[in-house]
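# Working through the structure, step by step
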Amino acid sequence: MDEKADRLREDVVMFTRRIRTQRSGHLLTPSQLQALAHLDREGPMSARALADLEQVAPQSIARTVSILEDSGMVSRTVDPQDARASIVAITAPGLQTLTADRSRRSEWLSAALATECTEAERDLLFIAGRLLRRLAATPESPESAPRRESLMNS
């Protein structure tokens, strides 16, 4: 099973890299786009909650949010629950950029599916997509999860 799992992992990575090349003319990084996508799906949230969703250190998300704020893609307001923290929200230009990016990637994927796959293969891919989403939600076992402290000290 390990060989098959390795191959699947490689296939998913190759696909992810390919779909990431389909950009709508912006200069945002994948991490910045992902942060916008989380804010769009989940709504305004603290930078800490965004870091947790992104599975990155708070310092990393602080840089991402700062860049997005400087480019007008997100806004920050004081968190009413904790005046030391801020609430991050996607702005209209951020949503417009994200929507254009999603549209471009979806157009590419639709065209690729239409030209490269049979109807049965498309159905299988749609099922596989749901399975991949389910796998992505699987919690890590404590012994396999990297420790954030050890990553930050490396």
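Quick caveat, the model's predicted, so the values are computed rather than measured.

Moving on, we get to the sheet that holds strand β3 (residues 82–90). The sheet built from three strands is open, its strands ordered β1-β3-β2 with antiparallel pairing. A single partner strand is all that each edge strand has here, and the edge strands are β1 (45–46) and β2 (74–79). One ladder, built from six bridges, connects β2 with β3; its direction is antiparallel. Bridge pairing in β3 links Val74 to Ile90.

This part takes up unusual backbone geometry. The phi torsion at Gln55 lies on the positive side, around 60 degrees, for a residue other than glycine. Mapped onto the fold, Gln55 is located in the loop between α3 (47–54) and α4 (58–70). Judged by relative accessible area, which is 62%, Gln55 ranks as exposed.

An ideal rise of 1.5 Å per residue puts 18 Å on 13 residues; α4 measures up with 18 Å between its terminal C-alpha atoms. All buried positions along α4 are accounted for by Ile61, Thr64, Val65 and Leu68. Down the axis of α4, the smallest arc covering the buried residues is 95 degrees, so these residues share one side. Seen from the buried face of α4, the exposed residues on the opposite side, beyond 90 degrees, are Arg63 and Asp70. Residues of α4 that are buried make contact with α2 (30–42), α3, β2 and β3. Positioned one or two residues after α4, Gly72 has a phi angle of 80 degrees, which is positive.

Packing of helix α1 (residues 2–20) against helix α5 (residues 92–116) leaves a shortest axis separation of 10 Å and a crossing angle of 120 degrees. By the angle class used here, α1 and α5 are oblique. In contact with Phe15, Arg18, Ile19 and Arg20 of α1, α5 contributes Arg105, Trp108 and Leu109. Broken down by class, the residue content of the contact of α1 with α5 amounts to four nonpolar, no polar and three charged.

Another point: the nonpolar core. Ranked by size, the top nonpolar core spans 16 residues in total, and within it Leu36, Leu39, Leu50, Val65, Leu68 and Val74 carry the most contacts. Elements represented by at least two residues in this core include exactly α2, α3 and α4. Leu39 has contacts with Pro44, Met45, Leu50, Val74, Val88, Ala89 and Ile90, leaving out every residue within four places of it along the chain.

Calculation rules
- Every residue gets a number counted from 1 within its own chain, in the order that chain's sequence is written.
- Reporting of local features is limited, given that this is a predicted model, to residues whose pLDDT is at least 70; pairs of side-chain atoms are given and counted only at 80 or more, and all residues count toward the totals for whole chains, interfaces and linings.
- Each side-chain value is derived from all of the structure's non-hydrogen atoms; neither hydrogens nor water enter the calculation.
- Any two strands with at least two DSSP-identified bridges between them are counted as paired.
- Strands are runs of DSSP state E lasting at least two residues, helices are runs of H or I lasting at least four, and both sets are numbered from the N terminus onward.
- Buried, partly exposed and exposed residues are distinguished by accessible area as a fraction of the type maximum, computed with a 1.4 Å probe on protein chains only: under 20%, between the cut-offs, and over 50%, respectively.
- Expected helix span is computed as 1.5 Å times (number of residues minus one).
- By arc we mean the arc of the directions from the helix axis to the C-beta atoms, nothing more.
- We call two residues contacting when some pair of their heavy atoms lies within 4.5 Å.
- Orientation is described by lines fitted to C-alpha atoms, with helices fitted over the stretch in contact, and by angles between N-to-C directions that extend from 0 to 180 degrees.
- Angular relationships are summarised with four words: roughly parallel below 35 degrees, roughly antiparallel beyond 145, roughly perpendicular across 65 to 115, and oblique for the angles in between.
- Residue type decides the class: Asp, Glu, Lys and Arg count as charged, Ala, Val, Leu, Ile, Met, Phe, Trp, Tyr, Cys and Pro as nonpolar, and the leftover types, Gly among them, as polar.
- Take the buried Ala, Val, Leu, Ile, Met, Phe, Trp, Tyr and Cys residues and link them wherever side-chain atoms come within 4.5 Å; each set so joined is a nonpolar core.

Such coordinate-based values are descriptive only and should not be taken to indicate function.
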